[in-house]
Amino acid sequence: MADQGATIGVIGGSGLYDMEGMTHVDYIDVDTPFGRPSDSVVVGTLEGVRVAFLPRHGRGHRINPTGIPARANIYAMKVLGVRRLVSVSAVGSLKEEFAPLDLVVPDQIIDRTRQRVNTFFDEGIVAHVGFAEPFCPEASQVIEGAGREVGVNTHMGGTMVVMEGPAFSTRAESHMYRSWGAGIIGMTALPEAKLAREAEMCYATMAWITDYDCWHESEETVTVEMVVQNLLHNVAHSKEMLRLVIPRMGAAHSCGCNAALKDAIITDPRGISEETKHKLSPIVGRYIS
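Residues numbered from 1 in each chain as written. Predicted model: local features only at pLDDT ≥ 70, side-chain atom pairs only at ≥ 80, totals over all residues. Heavy atoms only, no water.

Enquirer: Go over the environment of Ala-127, please, and point to the residues and values.
Expert: Structurally, Ala-127 can be placed in the loop between β7 (108-112) and α2 (137-149). On the accessibility criterion, Ala-127 (11% relative accessible area) is buried. When neighbours within four sequence positions are excluded, Ala-127 is seen to be in contact with Phe-121, Leu-261, Ala-264, Ile-265 and Ile-266. (Helix = DSSP H or I, 4+ residues; strand = E, 2+ residues; numbered from the N terminus. Buried < 20%, exposed > 50% of the residue type's maximum accessible area, 1.4 Å probe, protein only. Contact = heavy atoms within 4.5 Å.)

If you want it as structure tokens, here you go:
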């Protein structure tokens with residue numbers, strides 16, 4: 001698939017199901033050892049750069065957060081050559097200063113999911129990647145710069161809580177997350193961020209605020225209608241920003257994301273089956289032949 005490949009990937013969240021302005025487009029169906037991705041991957045050229053785009057929930061928003069085939073999605077991006085991955089997500093705010101329609105570029109994450117497989121290394125091979133800094137700092141800086149350039153109220157840094165969903169938080173949960181110092185809450189950045197790290201991709205998130213979470217008692221209770229209305233505003237800014245972000249992601253990075261597995265694989269290579277090596281060859285092939 002080298003001729004259909006791309007070094008930059010975009011995973012679109014709620015409301016972002018296509019990327020306007022792409023040329024020389026191919027729709028690629030990738031079979032993976034972890035099943036089919038959320039949808040066909042669209043590979044095309046945007047601002048002179050080859051890009052792979054995948055709608056996280058499928059076109060038409062068919063897949064709920066728990067059901068997203070995250071391993072298949074990241075594996076497919078890896079097979080297509082992606083090295084830097086931009087995630088676009090809708091989130092709720094846990095801080096007064098993070099207002100609806102603002103953009104947050106998070107730098108930390110708290111995992112509150114319960115039902116999701118969060119590693120490629122579930123059998124036959126063990127690897128422990130570093131995850132102290134879950135988002136690529138250099139890719140995040142690119143997103144921050146683009147946000148300010150297009151005039152979006154942009155916040156650099158913040159902790160994202162990732163909950164299971166699909167229901168929103170209870171008020172007690174929302175207050176608890178605030179007491180932890182978290183700034184935003186979403187449903188999809190995990191296991192995506194962990195899998196991207198295992199796949200040695202730079203990963204950063206455009207987290208678009210659609211609402212104050214239910215802690216904000218002076219505001220209306222969160223409704224789907226409220227979220228969708230703000231979502232539509234945010235999608236337009238996402239598309240504008242991606243035109244700036246994508247060509248700037250191609251610069252050489254010194255973040256270390258692309259060598260995350262260098263010292264992480266613990267299993268003796270002599271004990272790894274040929275079947276496992278083949279299954280994970282796009283992920284571990286540079287270390288284990």
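There is more to say, and it comes next.
Enquirer: I'd like to hear about the nonpolar core, residue by residue, with values.
Expert: Membership of the largest hydrophobic core comes to 48 residues, with the highest contact counts inside it found for Ile-74, Leu-85, Phe-120, Phe-121 and Ile-283. Of all elements in the fold, only β3 (41-46), β4 (49-55), α1 (70-79), β5 (84-93), β9 (159-163), α4 (189-198), β11 (202-212) and α7 (281-284) reach the threshold of two or more residues within this core. Ranked by the residues each element gives to this core, the list is headed by α1, at six residues. By size, the runner-up hydrophobic cluster in this structure holds 32 residues, among which are Met-22, Phe-53, Val-88 and Met-249. (Core = buried A, V, L, I, M, F, W, Y, C linked by side-chain atoms within 4.5 Å.)

Enquirer: Explain the packing of α1 against α4 to me, using residue names and the numbers behind them.
Expert: Relative to each other, α1 and α4 sit at 35°, their axes nearing to 9 Å. Of the two elements, α1 crosses α4, and the hand of that crossing is right-handed. Between α1 and α4, the residues in contact are Ala-70, Arg-71 and Ile-74 and Pro-191, Glu-192, Leu-195 and Ala-196, respectively. Along the lines of polarity and charge, the residues of the contact of α1 with α4 split into five nonpolar, no polar and two charged. (Axes fitted to C-alpha atoms, helices over the stretch in contact; angles between N-to-C directions. Left-handed = near helix turned anticlockwise from the far one by under 90°. Nonpolar A, V, L, I, M, F, W, Y, C, P; charged D, E, K, R; others polar.)

Enquirer: Explain the side chain of Ser-140 to me, and be specific about the residues and the numbers.
Expert: Relative to the helices and strands, Ser-140 is located in helix α2. Classification of Ser-140 as buried rests on a relative accessible area of 3%. Each residue touching Ser-140, except ones within four places of it in the same chain, is listed here: Val-105, Pro-106, Phe-135, Met-156 and Ala-204.

Enquirer: Any details on the pattern of salt bridges? Residues and values, ideally.
Expert: Tallying each qualifying case throughout the model produces 16 salt bridges. As a salt-bridge pair, Arg-59 and Asp-39 come within 2.9 Å of each other at their nearest N and O atoms. Here the residue Arg-59 occupies a position in the loop between β4 and α1, and Asp-39 occupies one in the loop between β2 (23-28) and β3, the gap between them amounting to 20 residues. Residue Arg-116 pairs with Glu-164 through a salt bridge whose shortest N-O separation is 3.0 Å. One end of the pair, Arg-116, is in the loop between β7 and α2; the other, Glu-164, is in the loop between β9 and α3 (171-179), with 48 residues separating them in the sequence. Across this residue pair, the class does not change: Arg-116 and Glu-164 are buried. Connected through salt bridges with shared partners, the residues Asp-29, Asp-31 and Arg-36 form a single ionic network. (Salt bridge = Lys/Arg side-chain N within 4 Å of Asp/Glu carboxyl O.)

Enquirer: For the pairing of β11, give the residues involved together with the corresponding values.
Expert: Counting buried residues along β11, eleven of its eleven residues qualify, which places the element largely inside the surrounding structure. The sheet contact formed by β5 and β11 spans ten bridges and is parallel. When the bridges of β11 are listed, Val-91 appears paired with Ile-209. Where strand β6 (residues 103-105) and β11 come together, two bridges link them in antiparallel fashion. Note that in β11 the partner of Leu-103 across the bridge is Trp-208. (Pairing = 2+ DSSP bridges.)

Enquirer: Break down the packing of aromatic side chains for me, citing the residues and quoting the values.
Expert: All chains considered together, the criterion is met by six aromatic pairs. Aromatic pair Tyr-212 and Trp-215: ring centres 5.9 Å apart, planes at 85°, arrangement edge-to-face. Each member of the aromatic cluster is reached from another via a ring pair, and the members are Phe-34, Tyr-75 and Phe-120. Against the face of Trp-215 rests Arg-178, its NZ or CZ located 3.8 Å from the ring centre. (Phe/Tyr/Trp six-rings, centres within 6.5 Å; stacked < 30°, edge-to-face > 60°. Lys NZ or Arg CZ within 6 Å of the ring centre and 35° of its normal.)

Enquirer: Run through α1, naming residues and quoting values.
Expert: In terms of burial, α1 is a largely internal element, nine of the ten residues being buried. For α1, the complete set of buried residues consists of Ala-70, Arg-71, Ala-72, Asn-73, Ile-74, Tyr-75, Ala-76, Met-77 and Lys-78. The positive-phi residue at the C-terminal boundary of α1 is Gly-81, with phi of around 100°.

Enquirer: Describe unusual backbone geometry, listing the residues and the values that go with them.
Expert: Here the bond from Gly-165 into Pro-166 is cis, since omega is 0°, no more than 30 degrees from zero. Tracing the chain through its elements places Pro-166 in the loop between β9 and α3. Look at the link from Leu-190 to Pro-191: it is a cis peptide, with omega at 10°. Looking at the element boundaries, Pro-191 is found in helix α4. Unlike most non-glycine residues, His-24 shows phi in positive territory, near 50°. Along the polypeptide, His-24 turns up in strand β2. Residue classification places His-24 among the exposed residues on the basis of a relative accessible area of 64%. Despite not being glycine, His-61 has its phi angle at roughly 55°, a positive value.

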